[in-house]
Amino acid sequence: MSEYTIIYFNVRGRCEPVRMLLADKGLKWKEEVVSFETWTQGDLKKEAVFGQLPGFKDKDFMMYQSNAILRHLGRKHGLYGRTPEENSLIDMMNDGVEDLRLKYLTLIYKNYEDGKDAYITNLPSELRYFEHFLSGNKYGGTFLVGNEISFADYNLVDLLRCHLVLSSECLAEFPLLSKYVSSITSRPNLQTFLSSDAHKNRPINGNGKQ
Ligand code: 6SG
């Protein structure tokens, strides 16, 4: 039996980085897919600590908040750096990913038709920060921090892949980010997951926009 369960809507949304992490580490998990109908009945919403999904079960330990789930798995599976400084840089970069994810989700759920062109025009000014940070990694920028993968890498790569769907050329002017995405997505377990039907057929967002 797998020790982990993801409780979420049928979307990649905030859970695909968690799934990427689990798949890359060769860990098994169960999906409890919550339909919109079930969600609107309200029982699951009442149980959820902040009234939202995803939820995550580690045996009988239940938790919420997607970034806390990533950190939980990061601690358990050696994906959180080696020193307090690396821990903090990984937190810092994950917070930067969250800031951009919130902007992306605002576009998708609140302002897609009117905001898409301006969002894409402004995108280089957001992505530039990540390119610059990678350029300072003395190990060559294969990972955000140090020379090992961390939970923040799965989160960033997922968000960059969402942006590549939004704007297929958005990484063209960023050689390090382009190399980074292709090197992480060619890790064998991750490549297998990303080419699976389970991943490919799962909608990116809950409203059909992408
Ligand atoms: C939505 O925002 O999928 N959770 C979402 N929405 C339902 O009643 N800080 C935390 C975290 O990082 C944010 C959680 C997040 O974990 S994720 C949630 O619980 C609520 O608030 C994005 C997503 N949206 C699609 C969705 C499913 C049900 C309601 C929204 C699709 C749209 C409408 C129906 C189906 Fe729909």
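As the structure is a prediction and not an experimental result, all values here were calculated from the model.

1. Remarks on the environment of Y180
Point 1. For Y180, the location among the structural elements is in helix α8 (residues 175-185).
Point 2. Each C-alpha atom, one on Y180 and one on G51, is 35 Å from the other, the two residues being 129 residues apart in sequence.

2. Some remarks on the site of the ligand
Point 1. In the region of the ligand, 14 residues are neighbours, and W39, K45, L53, Q65 and S66 sit closest.
Point 2. Interatomic distance of 2.8 Å between a side-chain N/O atom of K45 and an oxygen atom of the ligand.
Point 3. A distance of 3.2 Å is found between an oxygen atom of the ligand and a side-chain nitrogen or oxygen belonging to Q52.
Point 4. Residues belonging to the shell around the ligand are distributed by class as follows: 8 nonpolar, 4 polar and 2 charged.

3. Focus: the packing of helix α6 (residues 112-135) against helix α7 (residues 151-166)
Point 1. It is the contact of α6 with α7, at a shortest axis distance of 11 Å, that shows an interaxial angle of 135°. By the angle between their axes, α6 is oblique relative to α7. When you trace α6 past α7, the crossing you get is left-handed. In this structure, α6 contributes Y112, K116, Y119, I120, L123, L127 and F130 to the contact, and α7 contributes L156, L160, H163 and L166.
Point 2. Partitioned by chemical class, the residues of the contact of α6 with α7 number 9 nonpolar, 1 polar and 1 charged.

4. Remarks on the packing of α7 against α8
Point 1. In the contact formed by α7 and α8, the axes pass within 10 Å of each other and the chain directions differ by 110°. Between α7 and α8, the angle falls in the class roughly perpendicular. Between α7 and α8 the crossing geometry is left-handed. On the side of α7, the interface is formed by D153, L156, V157, L160 and R161, while α8 contributes L177, Y180, V181, I184 and T185.
Point 2. Considering only residue class, the contact of α7 with α8 consists of 7 nonpolar, 1 polar and 2 charged.

5. Re helix α4 (residues 66-76)
Point 1. Along α4, 8 of the 11 residues are buried, which leaves the element largely enclosed by surrounding structure.
Point 2. For α4, the complete set of buried residues consists of S66, N67, I69, L70, R71, H72, L73 and G74.
Point 3. Tucked into the core, α4 has its buried residues touching β1 (4-8), α1 (16-24), β3 (55-58), β4 (61-64), α5 (84-110) and α7.
Point 4. Positive phi appears at G78, one or two residues downstream of α4, with a value of about 65°.

6. Considerations on the environment of R187
Point 1. Within the secondary structure layout, R187 lies in the loop between α8 and α9 (188-194).
Point 2. Taking relative accessible area as the criterion, R187 reaches 24% and is therefore assigned partly exposed.
Point 3. The spacing of R187 and D24 is 163 residues in sequence and 7.5 Å in space, taken between C-alpha atoms.

7. Observations regarding the packing of aromatic side chains
Point 1. For the structure on display, the rule yields 5 aromatic pairs.
Point 2. Where W29 meets F193, the ring centres are 6.0 Å apart and the plane angle is 65°; that geometry is what we call edge-to-face. Of this pair, W29 sits in strand β2 (residues 29-33) while F193 is found in helix α9, placing the two residues 164 residues apart along the sequence.
Point 3. Seen from their ring centres, Y80 and F151 are 4.7 Å apart, and the 75° between their planes marks the pair as edge-to-face.

8. Points about the UniProt feature "domain: GST N-terminal" (unreviewed entry) in the chain
Point 1. Within this numbering scheme, the UniProt entry marks residues 2-81 as carrying the feature "domain: GST N-terminal" (unreviewed entry).
Point 2. As annotated, residues 2-81 has a helix share of 39% and a strand share of 22%, and its two end C-alpha atoms lie 25 Å apart.

9. Describing the pattern of salt bridges
Point 1. In this structure the tally under the stated criterion is 17 salt bridges.
Point 2. Note that R101 and D158 form a salt bridge whose closest N and O atoms lie 2.8 Å from each other. One end of the pair, R101, is in helix α5; the other, D158, is in helix α7, with 57 residues separating them in the sequence.
Point 3. Residue classification places D158 among the buried residues on the basis of a relative accessible area of 3%.
Point 4. Counted as one network, the salt bridges with shared partners bring together E3, D58, K59 and K76.

Rules and cut-offs
- Residues numbered from 1 in each chain as written.
- Predicted model: local features only at pLDDT ≥ 70, side-chain atom pairs only at ≥ 80, totals over all residues.
- Heavy atoms only, no water.
- Helix = DSSP H or I, 4+ residues; strand = E, 2+ residues; numbered from the N terminus.
- Near = heavy atom within 4 Å.
- Polar contact = N/O pair within 3.5 Å; in protein donor to acceptor, adjacent residues only side chain to side chain.
- Nonpolar A, V, L, I, M, F, W, Y, C, P; charged D, E, K, R; others polar.
- Axes fitted to C-alpha atoms, helices over the stretch in contact; angles between N-to-C directions.
- Parallel < 35°, antiparallel > 145°, perpendicular 65-115°, else oblique.
- Left-handed = near helix turned anticlockwise from the far one by under 90°.
- Contact = heavy atoms within 4.5 Å.
- Buried < 20%, exposed > 50% of the residue type's maximum accessible area, 1.4 Å probe, protein only.
- Phe/Tyr/Trp six-rings, centres within 6.5 Å; stacked < 30°, edge-to-face > 60°.
- UniProt positions renumbered as here; feature names shortened; annotations may be inferred.
- Salt bridge = Lys/Arg side-chain N within 4 Å of Asp/Glu carboxyl O.

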